[in-house]
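Remarks on the overall topology
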Number of protein chains: 2
Amino acid sequence: MRLLPHPATADIELTEVLRALADPVRLEIVVRLSVAGELNCTVAGDDLGVHKSTASHHYRTLREAGVLLTKQMGRLKYMSLRRDDLESRFPGLLDSILAAALTQPSAPAATQDQPDAPARLDLDPAGAARADAHAQP
Amino acid sequence: MRLLPHPATADIELTEVLRALADPVRLEIVVRLSVAGELNCTVAGDDLGVHKSTASHHYRTLREAGVLLTKQMGRLKYMSLRRDDLESRFPGLLDSILAAALTQPSAPAATQDQPDAPARLDLDPAGAARADAHAQP
DNA sequence: GCAAATGTTGGATGCCCATCAAACTGACTT
DNA sequence: AAGTCAGTTTGATGGGCATCCAACATTTGC
C-alpha cells in the first residue's frame, strides 16, 4: 500500500478547491465519496457519462487541489475525501458544499438510460469489495 | 432606482456559484462586498489589477451566478451580496467561503506597487458616498 | 509467460474564459 | 449642446480545460 503525492494541508488553496468542486462531474465524484467513504476509480466513475480517461483526469484535479486522498493497493486505487484536512483548513466549507450538493442533485448522464430508476446513487455493491480489500492488501 | 435582472433564488445553481467564486479576482470582489456591504463598480474594482472592462465582466458573472445584486441609482451602480438568498438556498456556504477567504487573503496585483502598505483593504472612503447616495436618489 | 483488469498518459480537438483596448451608452453637469 | 463620468459591449487574443481515443504501465490470475 502506498500513497500518491498530495499537497500538504497548509498548502491547500481556497480557489483551487472551489475550482475543483465547480465541475458537475467532479462534484458528483465528491458526493459519492462522501456517501461511500472510500471508492476505487472504477466504482467512483461508474455511470458518470464520461470516458474513463476523463474521470482519471478529474481524480488528478481533485487530488492536486487537496480534496481527496488516493492510496494504491495492489492493482486498485482507493480514493477518499480529506475531510479532516479540509475542515481544519477551511472550517465548514466542505460540509456546506456537500449539504448543498445533496439538496440539489446533479443527474449523471448515464441515468438517462433508465428514466424510471428509483434511486440515483447505487454504491452499495462496492461496500463488500472495499471491506475485503482492506482486510488483506 | 432600478434593479438589473437577476436569477431567482430557486434558480441559483451550486456549481455556478462555486465557479463564480473560484476566480481570485471575483473572490476578492465578494470579500470587499462582504466587508463594505455595498459598493459601486469603481470602488469595488479599485486596485484589482485588471482593466475596468474585465472587472465589469466579473460583475456580470457574479450577478448571473446569483451571488450579487446590482441596482442602478442615477449614473452609478451599486452591488451587494445576496446573503439571505444564498443562505436560504445553500445554508452556511457563503459564510464558510468568506471565512476561508479572510484567513487566506489573496493579494491584489496593485498592492505590489506599495509593498509597505499597512492594510490591504481600504474601503472606508466609499462609506460616506454610499450613505449620501442612498439618502436622495 | 500470457492474458485480463485497472488506471494513467499522450496527442488532438473544440470550447470556454480571463484579459485588454477601443468604441459605445446613459446620466449628470455646465 | 457639449463635455464628463460610470460602466458596458464588442472584437481580438491567448491560455486553460473537458473530452475522447489510442497506447501504455502495472498488477493479478491462469
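Residues numbered from 1 in each chain as written. Chains lettered and ligands numbered in written order. Predicted model: local features only at pLDDT ≥ 70, side-chain atom pairs only at ≥ 80, totals over all residues. Heavy atoms only, no water.

**Looking at the protein's contact with DNA strand C**
Note the threshold: The criterion for a residue being near a molecule or strand is simple. One of its heavy atoms has to lie within 4 Å of it. We define a polar contact as two N or O atoms separated by no more than 3.5 Å, with the added condition that, inside protein, one atom must be a possible hydrogen donor and the other a possible acceptor, whereas residues neighbouring each other in sequence contribute only through side-chain atom pairs. Put simply, DSSP marks the helices as runs of H or I at least four residues long and the strands as runs of E at least two long, and each gets a number from the N terminus on. Throughout this entry, Asp, Glu, Lys and Arg are counted as charged residues, while Ala, Val, Leu, Ile, Met, Phe, Trp, Tyr, Cys and Pro are counted as nonpolar. The remaining residues, Gly among them, count as polar.
The immediate surroundings of DNA strand C are formed by 24 residues, with A:Thr42, A:Ser56, B:His51, B:His57 and B:His58 found nearest. Looking at DNA strand C alone, sugar and phosphate atoms form 65% of those within 4 Å of the protein. Measuring from a sugar or linking oxygen of DNA strand C, one finds a side-chain N or O atom of A:Arg75 at 3.3 Å. The separation between a base nitrogen of DNA strand C and a polar side-chain atom of B:Ser53 is 3.0 Å. Elements supplying a minimum of two residues to the surface near DNA strand C: helix H3 (41-44), helix H4 (52-64) and strand S4 (76-81) of chain A together with helix H2 (24-36) and helix H4 (52-65) of chain B. Ranked by residue count, the leading element in the surface near DNA strand C is H4(A), at 5 residues. Of the residues in the surface near DNA strand C, the class split is 5 nonpolar, 11 polar and 8 charged.

**Let's talk about the relation of the copies chain B and chain A**
Where we set the bar: Alignment of copies: least-squares fit on C-alpha atoms of residues with pLDDT of at least 70 in both copies.
In screw terms, the move from chain B to chain A is a rotation of 180 degrees and a rise of 0.0 Å along the axis, fitting with an RMSD of 0.0 Å. Here the transformation between the copies is reduced to the relation of a two-fold axis.

**Concerning the sheet that holds strand S1 (residues 2-3) of chain A**
Strand pairing within a sheet occurs via backbone hydrogen bonds; the two strands may be parallel or antiparallel. Residues and elements named next belong to chain A. Our working rule: Strand pairing requires that DSSP identify at least two bridges connecting the strands.
Strand order in the open sheet formed by 4 strands is S1-S3-S4-S2, with antiparallel pairing between adjacent strands. At either end of the open sheet lies a strand with only one pairing partner, and these are S1 and strand S2 (39-40). Pairing of S2 with S4, which is carried by 2 bridges, proceeds in the antiparallel orientation. By the bridge assignment, Leu 39 is partnered in S4 with Met 79.

**Examining unusual backbone geometry**
Where the residue is not glycine, phi is negative for most of them; where a peptide bond is considered, it is trans in most cases. Phi is positive for A:Asp47, close to 60 degrees, though the residue is something other than glycine. Along the chain, A:Asp47 falls in the loop between H3 and H4.

**Regarding the interface of chain B and chain A**
Cut-off, in case you're wondering: Any two residues whose heavy atoms approach within 4.5 Å at even a single point are treated as in contact. When two components associate, each loses some accessible surface as probed by a 1.4 Å sphere; the sum of these losses over both components is called the buried area. Basic side-chain nitrogens of Lys or Arg form a salt bridge, by our definition, when they fall within 4 Å of a carboxyl oxygen of Asp or Glu.
On the side of chain A, 21 residues touch chain B, which itself brings 21 residues to the contact. Buried surface at the junction of chain B and chain A, both sides included, amounts to about 1500 Å², of which 70% is carbon and sulfur. Among the residues chain B hides against chain A, the three largest losses belong to B:Leu14, B:Leu18 and B:Gln104. Together they make up 33% of the total. Taken together, the links from chain B to chain A amount to 0 salt bridges. Across the chain B-chain A interface, the total number found is 5 residue pairs in polar contact (both at pLDDT 80 or more).

**Structural notes on the pattern of salt bridges**
Oppositely charged side chains may form a pair once their charged atoms are brought near each other. All names here are of chain B. In plain terms, the rule: Only protein chains enter the accessibility calculation, which uses a 1.4 Å probe. A residue is then buried if its area is under 20% of the maximum for its type, exposed if over 50%, and partly exposed in between.
As enumerated under the stated definition, the model contains 12 salt bridges over all chains in all. Between Glu 16 and Arg 19 there is a salt bridge, with the nearest N and O atoms lying 3.2 Å from each other. With a gap of 3 residues between them, Glu 16 and Arg 19 both fall in helix H1 (residues 14-21), about one helical turn apart. Residue classification places Arg 19 among the partly exposed positions, given a relative accessible area of 39%.

**Quick notes on the pairing of strand S3 (residues 68-73) of chain B**
Residue and element names in this part refer to chain B. Where burial is concerned, most of S3 is hidden: 5 out of the 6 residues are buried. Of the pairings in the sheet, the one linking strand S1 (residues 2-3) to S3 comprises 2 bridges and is antiparallel in character. Across the sheet, the residue bridging to Arg 2 is Gln 72, located in S3. For S3 and strand S4 (residues 76-81), the ladder comprises 6 bridges, and the chain directions are antiparallel.

**Things to note about the packing of helix H2 (residues 24-36) of chain A against helix H6 (residues 93-103) of chain A**
All names here are of chain A. Quick note on the threshold: Interaxial angle, 0 to 180 degrees, is taken between N-to-C directions of lines fitted to C-alpha atoms, where a helix line uses only the stretch in contact. Should an angle lie under 35 degrees it is considered roughly parallel, over 145 roughly antiparallel, and from 65 to 115 roughly perpendicular; all remaining angles are considered oblique.
In contact at an axis separation of 10 Å, H2 and H6 are set at 100 degrees when each is read in the N-to-C sense. By the angle between their directions, the pair H2 and H6 is classed as roughly perpendicular. Along its contact with H2, which presents Leu 27, Val 30, Val 31 and Ser 34, the element H6 presents Leu 94, Ile 97, Leu 98, Ala 101 and Leu 102. Among the residues making up the contact of H2 with H6, the classes are represented as 8 nonpolar, 1 polar and no charged.

**Some points on the protein's contact with DNA strand D**
What surrounds DNA strand D is a group of 24 residues, the closest being A:His51, A:Ser53, A:His58, B:Thr42 and B:Ser56. Taking all atoms of DNA strand D within 4 Å of the protein, the share assigned to sugar and phosphate is 66%. The separation between a phosphate oxygen of DNA strand D and a polar side-chain atom of A:Arg26 is 2.9 Å. Within the side chain of B:Arg75, a nitrogen or oxygen atom sits 3.2 Å from a sugar or linking oxygen of DNA strand D. Of all the secondary structure elements, the ones that give two or more residues to the surface near DNA strand D are H2 and H4 of chain A together with helix H3 (41-44), H4 and S4 of chain B. At 5 residues, H4(B) tops the list of elements feeding residues into the surface near DNA strand D. Of the residues contributing to the surface near DNA strand D, the split by class is 5 nonpolar, 11 polar and 8 charged.

Keep in mind that these numbers describe shape and distance, not what the molecule does.
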